[in-house]
Amino acid sequence: MDQQGQNGLLATFREPWRTRGAVAYGVAAVLIGFYTLMYFRDHLGVEGGALDPETWASAVGLRSRWLFYGALYSVAMVGGAIYYLRRHGNSRYNRIRIAVNVAVQVVLAFTLPLVMPYFFTGDPNQFWKYEYYFSYFWPLDWYKLHPGSLQNVPVVLAIYSIVGALVAAPLLAYFFGKRWYCSWVCGCGGLANTFGDPWRHLTSSSTSSWRFEKRAIHTVMFVAILSTFLLFLDHLVGGRYATFHHVVDGGQWWSMKSLYGYVVGAILAGVIGTGLYPLLGPRVWCRNFCPMAALLGLFQKLGRFRIAVKPGMCISCGNCTTYCEMGIDVRSYAQNDESFTRAACVGCGMCAHVCPRGVLKLENAPRLNADKKRVGLPIVDL
Amino acid sequence: MRVVIVGNGVAGIEAALAIRAREPDADVTIVSEESDHFFSRTALMWVVSGQLSHRCIEPHERDLYARLRFTRVRRRATGIDLARRELRLADAEPLPYDRLLIACGSKPRPAPWPGAELDGVGHFVTLQDLEWLEEELHGGPSRGGRPPNADAHLASTTPDSPYRRRPSGWKARGGPPKHPVVVGGGLIGIEAVEVMVAKGLRPRFFVREEHFWPIALDPREGAWIADALAAHGVQMHLGENVHALHGDGAVARLAGDRGEVPCDLCVVAIGVVPNTAWLEESGLELDPRSRGLVVDEHQRTSDPHVFAAGDCAAVRWFDGSRRPEPLWYTGKFQGRVAARALLGDPARYERHVWFNSAKLMDVEYTTAGLVNLGVEDEREWFFEERGAVRSTLRIVLSGERVVGFNALGRRWDHSVWIRWIEERRSLQHVLAHLDESRFDTELVPPLKIPKDLRKKPAEPRAPSARTVAAPIY
Ligand SMILES: Cc1cc2nc3c(=O)[nH]c(=O)nc-3n(C[C@H](O)[C@H](O)[C@H](O)COP(=O)(O)OP(=O)(O)OC[C@H]3O[C@@H](n4cnc5c(N)ncnc54)[C@H](O)[C@@H]3O)c2cc1C
Ligand code: SF4
Ligand code: SF4
Ligand code: SF4
């Protein structure tokens, strides 16, 4: 039976582990420690020791700590998906969505990168060429459009990287909203929706958090685009300007390329983004820092996706706002009978699912006015 | 202009917002005994179960009052001096006003049987009731904590206030109740049952009527809900009246038509009445039957400087009767109309086609138009779906014209239904276009009505004792 509506959310605010109790702090500490070791093992002097992720990887017979991470990630997602389905599986949208998202992770972001190298090259030194993650695109995977990596991967994969990032992703976001990626494909979103689901209500929905989000995420997006541009410039002319090359891609920890990796990839996405799940909700990275989210958000804002609101029916209960993982104050629109599209919305569908009065519905449709004429581009807040 | 609003509920706050939107400089004071902040009374049940915190059910940020310069007075209003235009307060100086808006809501209908004053007996309407039930079921508030200044009014309140806290039986029992009972088969009753089920209890549910919620559902629909309740372990006492509650200090037994049952917690949810006892002596006209404040279409009471909106206002219905419309959206609309009317705009409260929705356990419910009212030449078309989705759809007609919809199990866009009712559509038109009113979440398979049933004419209904003429909207 397909029962719509909230179920399994009961007792959320009565359990310390889901509401910033001691256990939540403990889990956060473990996650932060784990990500710190993953990203900064070279700087922490743990190489070869029991705390070295590479040691863990070889212990289970995987060739790098990133594949080990992928395996762990898949396990966390499958476990989280079981939790998610017990909690929200009374909706078909939720069931299908989470199944697709987990399958993408397990197949495209773990199994293929693991086995592809064996098919295309027997040489372990060449493995990295074929360790390709089909479900990640620039600018989330910022190195995908790095001139060096484009040159080094096989041509088909280079074309996949370029077309995927610059054509397919924005186009799909225009037609279906950024949910096609953030709620169905992306592994980061997938982890947030499965392993991170117990904490989804912790994302702040205050106006100040929204203000911070808009500033932070568009800054990162700008930095991601500018730095990619500089990498290409360096590739073209860097040979002639040694200092420029040094600053952009010189290999020191402070050169632009490494710095982007440390700050955005390691600290914002990993240590903070996932480490703070149990305290600030599972979308800290997605909401505030992910450059892909910012870019797709702009296309979503111009495109066809929206959350339709049934007039007069909202009872301002706050279930939608509370359980929106992106901190969108859905109620503020619903109680004023306004259908809306927010750049941040990842289209997870939870607001519609938990609404006890069936007020909300996710939709893809052209924006029409009362006379069925197309409406121009909306100039409103992101 | 000095505007004083009694009530920080939906009607009061919507009025205050509308006043501020039009008059940036008006002096607006909100008097509320119950709470510092506006909260959604409709959401009490989720706070008890722990699905939401007290903060979650406040629709606005807490700086709203400072930002929009609304003065707040956390006092009980005890009367009005219409001649001097002053609102009397418990334990404080009277408040002078130029315009007064009364949006004091409803209070629970008191139990008419003996024993209602025992510990462990209470209602489920006010914030204090919510805190009482949290204590009864869980021993205290959830980790979200209590609302700010929850008890600020208690020192100055009066004995007739519905915002006092009932004593809880948690301590005496040493834990949650073993024999909880809910009396009253309406929406509030079923919500009280649900929070008990969520806690893992198996309450007894006393419903006077033979089937569940007869003002909204028909016997088939009511049976589905009763079955859903029973499937969750609720012991249904349909068609049974309550006579008394017994106990020594705390409630221990409940006497009904079919004998006594053990009872160590009793939620009495037999309806609400306008919260107007404090206005009996004021000189404002009260509707003799409902005791709501009589208002005209501008929400003005019998005194030209005093307006009323929300649950406490007895408005005129389409059938000519006068009674309150105790609903969230009507309170909102009335509050907005009252705000504009008291500022001198020619605003009117237009009663539209009735609609509502709810969730009864896991079952979605949507309605619009004239359902269960008994219309002239009433016919009905009923369809029950049992497959991947279970749902029912009942369409009510007056002669050839569709006048009402009642649906369980699926989501529908009532605004499309209302358009059809206003356009005086036929059953065939409605069934042919039904998909336009779908509002299920994505990927839910659409409702498929077999061809022969789509051609099936509506069946005449036995004329009911009372019939109303279908209004022309
Ligand atoms: C459990 C429950 C569930 C509900 N669910 C739904 C639903 O799903 N859909 C729906 O449409 N409706 C629902 N309702 C009804 C809905 O909540 C009410 O219609 C609505 O809250 C009425 O709003 P109001 O502003 O008129 O009054 P209220 O919300 O009752 O506000 C009254 C205000 O007046 C103040 N006040 C009263 N007397 C005094 C006094 N003497 N001095 C000072 N202040 C005073 C109080 O402090 C309070 O702020 C539900 C009600 C309950 C109890
Ligand atoms: S916001 Fe970024 S990381 Fe999060 S799901 Fe979307 S693309 Fe992935
Ligand atoms: S607004 Fe709704 S669909 Fe969008 S992210 Fe929030 S809960 Fe998900
Ligand atoms: S849209 Fe639904 S969930 Fe959100 S506040 Fe309104 S009734 Fe509640």
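Residues numbered from 1 in each chain as written. Chains lettered and ligands numbered in written order. Predicted model: local features only at pLDDT ≥ 70, side-chain atom pairs only at ≥ 80, totals over all residues. Heavy atoms only, no water.

K.L.:
Is there a simple way to think about the site of ligand 1 in this case?
P.N.:
In the vicinity of ligand 1 there are 33 residues, among which Arg357(A), Asn8(B), Ala77(B), Asp311(B) and Trp328(B) approach most closely. Each of chains A and B places residues near ligand 1. Between ligand 1 and Asn275(B), the relevant distance is 3.3 Å, taken from a nitrogen atom to a side-chain nitrogen or oxygen of the residue. At 2.8 Å from an oxygen atom of ligand 1 is found a main-chain nitrogen or oxygen belonging to Trp328(B). About the coverage of ligand 1: the protein hides 97% of its 990 Å² of free accessible area. (Near = heavy atom within 4 Å. Polar contact = N/O pair within 3.5 Å; in protein donor to acceptor, adjacent residues only side chain to side chain. Areas by Shrake-Rupley, 256 points an atom, 1.4 Å probe, with all protein chains shown as cover.)

K.L.:
Could you clarify how one ought to interpret the packing of helix α10 (residues 207-237) of chain A against helix α11 (residues 242-249) of chain A in this entry?
P.N.:
Each pair of packed helices can be summarised by the angle the axes make with each other and by the distance between the axes. All names here are of chain A. Running from N to C, α10 and α11 cross one another at 140°; their axes reach a closest spacing of 10 Å. It follows that α10 is oblique to α11 by the angle criterion. Pair α10 / α11 crosses with left-handed handedness. Together, Leu230, Leu231, Leu233 and Asp234 of α10 and Phe244, His245, Val248 and Asp249 of α11 make up the contact between the two elements. Here the contact of α10 with α11 is composed, by residue class, of five nonpolar, one polar and two charged. (Axes fitted to C-alpha atoms, helices over the stretch in contact; angles between N-to-C directions. Helix = DSSP H or I, 4+ residues; strand = E, 2+ residues; numbered from the N terminus. Parallel < 35°, antiparallel > 145°, perpendicular 65-115°, else oblique. Left-handed = near helix turned anticlockwise from the far one by under 90°. Contact = heavy atoms within 4.5 Å. Nonpolar A, V, L, I, M, F, W, Y, C, P; charged D, E, K, R; others polar.)

K.L.:
So what exactly am I meant to see when it comes to the packing of α10(A) against helix α15 (residues 291-302) of chain A here?
P.N.:
Residues and elements named next belong to chain A. Contact geometry for α10 and α15: axes closest at 8 Å, N-to-C directions at 100°. If you check the angle between α10 and α15, you find them roughly perpendicular. Touching Ile217, His218, Val220, Met221, Ala224 and Ile225 of α10 are Pro291, Ala293, Ala294, Leu295 and Leu298, all from α15.

K.L.:
Looking at this structure, I do not really get the interface of chain A and chain B. What am I missing?
P.N.:
A common way to state how big an interface is: give the accessible area lost once the parts meet. Residue-level contacts link 53 residues of chain A with 54 residues of chain B. Across the chain A/chain B interface, buried area totals approximately 4300 Å², and carbon plus sulfur atoms make up 49% of it. For the interface between chain A and chain B, the tally reads 24 residue pairs in polar contact (both at pLDDT 80 or more). Elements supplying a minimum of two residues to the side of chain A that touches chain B: α4 (92-120), α16 (319-323), α18 (350-354) and β2 (360-364) of chain A. By residue number, the principal contributor to the side of chain A that touches chain B is β2(A), which donates four residues. When the residues that make up the side of chain A that touches chain B are grouped by side-chain class, the tally is 22 nonpolar, 21 polar and ten charged. (Buried area = accessible area lost by both parts, 1.4 Å probe.)

K.L.:
What is the right way to look at helix α1 (residues 22-44) of chain A in this model?
P.N.:
Residues and elements named next belong to chain A. Helix length check: α1 (23 residues) gives 27 Å between terminal C-alpha atoms against 33 Å at 1.5 Å per residue, more than 12% under. The largest bend in α1 is about 60°, located at Met38. Taken together, the buried positions of α1 are Ala24, Ala28, Leu31, Phe34, Tyr35, Leu37, Met38, Phe40 and Arg41. Of the surrounding elements, those touching the buried residues of α1 are α2 (53-59), α3 (65-88), α9 (187-193), α12 (256-272) and α13 (277-280). The first or second residue beyond α1 is Gly45, which carries a positive phi of 70°. (Expected span 1.5 Å × (residues − 1). Bend = angle between axes of the 7 residues up to and from the residue. Buried < 20%, exposed > 50% of the residue type's maximum accessible area, 1.4 Å probe, protein only.)

K.L.:
Which parts of the structure should I look at to understand the sheet that holds strand β23 (residues 363-369) of chain B?
P.N.:
Strands pair in a sheet through their backbones, by hydrogen bonds, and they do so in one of two ways: parallel or antiparallel. Residue and element names in this part refer to chain B. An order of β22-β23-β26-β25-β24-β27 is seen for the six strands of this open sheet, with the pairing classed as antiparallel. The strands lining the two open edges of the sheet, one partner per strand, are β22 (355-360) and β27 (459-460). Relative to β27, strand β24 (residues 378-386) runs antiparallel, the two sharing two bridges. Within the sheet, the bridge partner assigned to Arg379 lies in β27 and is Pro460. Contacts from helix α7 (residues 219-231) reach β22, β23, β24, β25 (390-398) and β26 (401-408) within the one sheet, and its direction differs from that of β25 by about 155°. (Pairing = 2+ DSSP bridges.)

K.L.:
Any chance you could explain the domain arrangement of chain A here in plain terms?
P.N.:
All names here are of chain A. According to the domain assignment, chain A consists of domain 1 (21-295) and domain 2 (304-371). If you average the C-alpha positions of domain 1 and of domain 2, the two centres end up 28 Å apart. Contacts between the two partners involve 27 residues from domain 1, matched on the other side by 24 residues from domain 2. Interface area, domain 1 with domain 2, both sides summed: about 2100 Å², of which 51% is carbon and sulfur. Sorting the residues of domain 1 by area buried against domain 2 places Lys178, Arg179 and Arg200 first, and these three jointly supply 28% of that buried surface. (Domains from an automatic or database assignment.)

K.L.:
Help me out: how do you make sense of the sheet that holds strand β13 (residues 242-248) of chain B in this one?
P.N.:
Residue and element names in this part refer to chain B. One open sheet accounts for three strands, arranged β13-β14-β15; its pairing is antiparallel. Strands with a single pairing partner mark the edges of an open sheet, and in this sheet they are β13 and β15 (259-262). The average angle at which neighbouring strand axes cross in this sheet is 30°, direction not considered. As judged from the four bridges shared by strand β14 (residues 250-256) and β15, these two strands associate in the antiparallel manner. Counted as the bridge partner of Arg253 is Pro262 from β15.

K.L.:
Is there a simple way to think about the site of ligand 2 in this case?
P.N.:
All names here are of chain A. With respect to spatial proximity, the complete set of residues near ligand 2 consists of Leu140, Tyr181, Cys182, Cys186, Cys188, Gly189, Arg283, Trp285, Cys286, Cys290, Met292 and Ala293. At the level of secondary structure, the elements contributing two or more residues to the shell around ligand 2 comprise α8 (179-182), α9, α14 (284-288) and α15. Each residue belonging to the shell around ligand 2 can be placed in one class, and the counts come to ten nonpolar, one polar and one charged.

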